[in-house]
Amino acid sequence: MASSLTVAVASGKGGTGKTTVSANLARAAAEAGHDVFYLDCDVEEPNGHLFLKPYLGRRYPVHIPVPFIDMEKCISCGACGEICQYSAIVCINKHVLTFEKMCHGCGGCALVCPTGAISEKGREIGVVEEGRAGRIAFLHGKLNVGEAMSPPLIKEVRSAGRHGTLNIIDAPPGTSCPVIAAVKGAGFVLLVTEPTPFGLNDLGLAVEMVRTLGIPHGVVVNRHDSENSLARDFCRAKGLKILAEIPDDRRVAEAYSRGDLAFSSVPGYRERFFALLDAVEKEA
Amino acid sequence: MKEIVVISGKGGTGKTSLVASLAVLAGKVVLADCDVDAADLHLVLAPQVKSVSGFTGGKKANILADRCNGCGKCFEVCRFGAVVRQEGRRPVYLIDPIACEGCGVCSYFCPEKAVEFKPALNGQWYISDTRCGPMVHARLGVAEENSGKLVTLVRNQARMIAEEEGLPYIIVDGPPGIGCPVIATITGADAALVVTEPTVSGEHDLARVAELAGHFKVPVYLCINKYDINPAMAKKMEEDALSRGIRLAGKIRYDRSVTGAQLSGAAVVEFSGGPVAGDIRNMWKELVKYLNTSEER
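Fair warning: this is a prediction, and the values are worked out from it, not measured in the lab. (Residues numbered from 1 in each chain as written. Chains lettered and ligands numbered in written order. Predicted model: local features only at pLDDT ≥ 70, side-chain atom pairs only at ≥ 80, totals over all residues. Heavy atoms only, no water.)

The next thing to look at is the sheet that holds strand β7 (residues 136-143) of chain A. All names here are of chain A. Spatially, the 9 strands line up as an open sheet ordered β3-β6-β7-β2-β8-β1-β9-β10-β11, and their pairing is mixed. In the strand order of this sheet, the two ends are held by β3 (55-69) and β11 (242-247), each with one partner. For this sheet, the mean angle separating the axes of adjacent strands, direction not counted, is 20 degrees. Sheet topology note: the strand β2 (residues 36-40)/strand β8 (residues 166-170) ladder contains 5 bridges and is parallel. Note on β8: the bridge partner recorded for V36 is L166. Running at roughly 165 degrees to β8, helix α1 (residues 18-31) makes contact with β1 (5-10), β2, β7, β8, β9 (188-193), β10 (217-224) and β11 of the sheet. (Pairing = 2+ DSSP bridges. Helix = DSSP H or I, 4+ residues; strand = E, 2+ residues; numbered from the N terminus. Axes fitted to C-alpha atoms, helices over the stretch in contact; angles between N-to-C directions. Contact = heavy atoms within 4.5 Å.)

Turning our attention to the sheet that holds strand β11 (residues 191-196) of chain B. All names here are of chain B. Taken in spatial order, the 9 strands of this open sheet run β3-β8-β9-β2-β10-β1-β11-β12-β13, and their pairing is mixed. Both edges of this open sheet fall to β3 (48-55) and β13 (247-252), since each of them pairs with a single strand only. On average, each strand axis in the sheet is tilted by 20 degrees relative to the strand beside it, whichever way the strands run. As judged from the 5 bridges shared by β11 and strand β12 (residues 220-225), these two strands associate in the parallel manner. Paired with T196 across the bridge in β12 is I224. Strands in contact with helix α1 (residues 15-26) are β1 (2-7), β2 (30-33), β10 (169-173), β11, β12 and β13; relative to β10, the strand with the most contacts, it is inclined by about 165 degrees.

Side chains of a nonpolar character, in soluble globular proteins, are inclined to be buried together. Core analysis: the largest hydrophobic core is formed by 86 residues, its most contacted members being L190(A) and L276(A). Of the residues forming this core, the biggest block, 7 residues, is contributed by α1(A). Not counting the four nearest positions on each side in its chain, L190(A) is found in contact with V7(A), A8(A), V9(A), A10(A), V21(A), L25(A), G218(A), V220(A), L243(A), L276(A) and V280(A). Among the nonpolar cores identified, the runner-up in size contains 82 residues, and V43(A), M149(A), V189(A) and Y93(B) belong to it. (Core = buried A, V, L, I, M, F, W, Y, C linked by side-chain atoms within 4.5 Å. Buried < 20%, exposed > 50% of the residue type's maximum accessible area, 1.4 Å probe, protein only.)

Structure (structure tokens):
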């Protein structure tokens, strides 16, 4: 691949096979000779490493800025509490209290403080780990347990994407802020679904999301069953292109349970993921 | 009254299918669908909507073009990349509503008062009737924020209904992950039923979600779904859980009738009288036994 391409793999519903598709696609692309960078943005529950088994060399914490009060300078004017939309800083009886976990790091309190009593310090929300799995460069974020604020960590992982590389983004489930942070700016989104009422309901929501963002997209139907045409009917009705159908195959489920890639361990799947790679390159 | 929240860490392990079956087995309950990003429980329980309300979780900025003098202060203070600068003879500034975090800093510092900062409609929530009892559910607008606040609202409404109607159980269908909406779902619940599967991902994610529940002091009960996909791993997960003080509520076998039930809009225990329904019944009995022997919180 001469130019850069960023493909995000998303789904709406959880457990449809985002990581299966991302990891197998990454391996297929690496074998086809591409430089591949795998960015696991599902920072609440990152799983890509369980399948690609990278050697992780570098690890660094990610912080968001939170207020730090110098009480010597504070005149208890209350301006900080007034500007804060997140109840993360309040001024009561000449005391300023901060609730760091509520803070979104907007910096408003520090800007508004008339005496310069508020500076900012970092609060760790998670870590980034970086490494390689053969030809695949690998990076994931791990949100600290008990931490609510995932988008800044996702943005950090996302920003590592490189030029001249096929960047594959394993996105979190859902349709709200964490997913937006993961897929925004991608050149193409692969939406992974399964042919069930839950899978397709949530595919509908995910399609609304990518259309709102204006990103080209295609569908991968996982656990496809030739007797069930729900996904094909749904995609036809919504004008969505199906790029691959992965059969409902117990061997794939078993390989997954062990942490093996279907691409390398189940006969016939090399060809399927090479075909998906071709389809993505044509569409994107 | 007991509030049982069903969570999983990893998505797609069977939370919603299980919640529907537990609701049927419990008789009359209050249901709360807290997976406000991608709600699916309504596809099985076919709620008759009784009331619809708008949800406003926060505010959003909007630049009034006729008042803007193009000074760029908003662009300078926004940390979320939500102020977009369009170059021209005179630069024009616009707010990207998807990127806007609702902090209001741009509005506060605008010298021309050209940035309005108003409550935004982020979604809707509903009170409905189902064959298993009242249900509170919601829909967060696509690409919206504040899922945690909406989850809290849904849970509070469910609790009010349970108290008013004197119903013994609230069953909560939770979101995947361990972040903001999950924290809002489990805080203060009587029990967390964690549904996992015997896969490397299921095992990895179980450890994180169980740690989260422990952090918020919510007792954890484990359900291993599709245990027979990898029996050796299921056994290992069960042993690991027991050693960490997590009790096993039950194991459910892999059965295609679970998908069959979903396709016909029924709970598994309504659709099938087979062994998989038996597994779910046994698990509910265990869970009730645990809940009634644990102290009132």
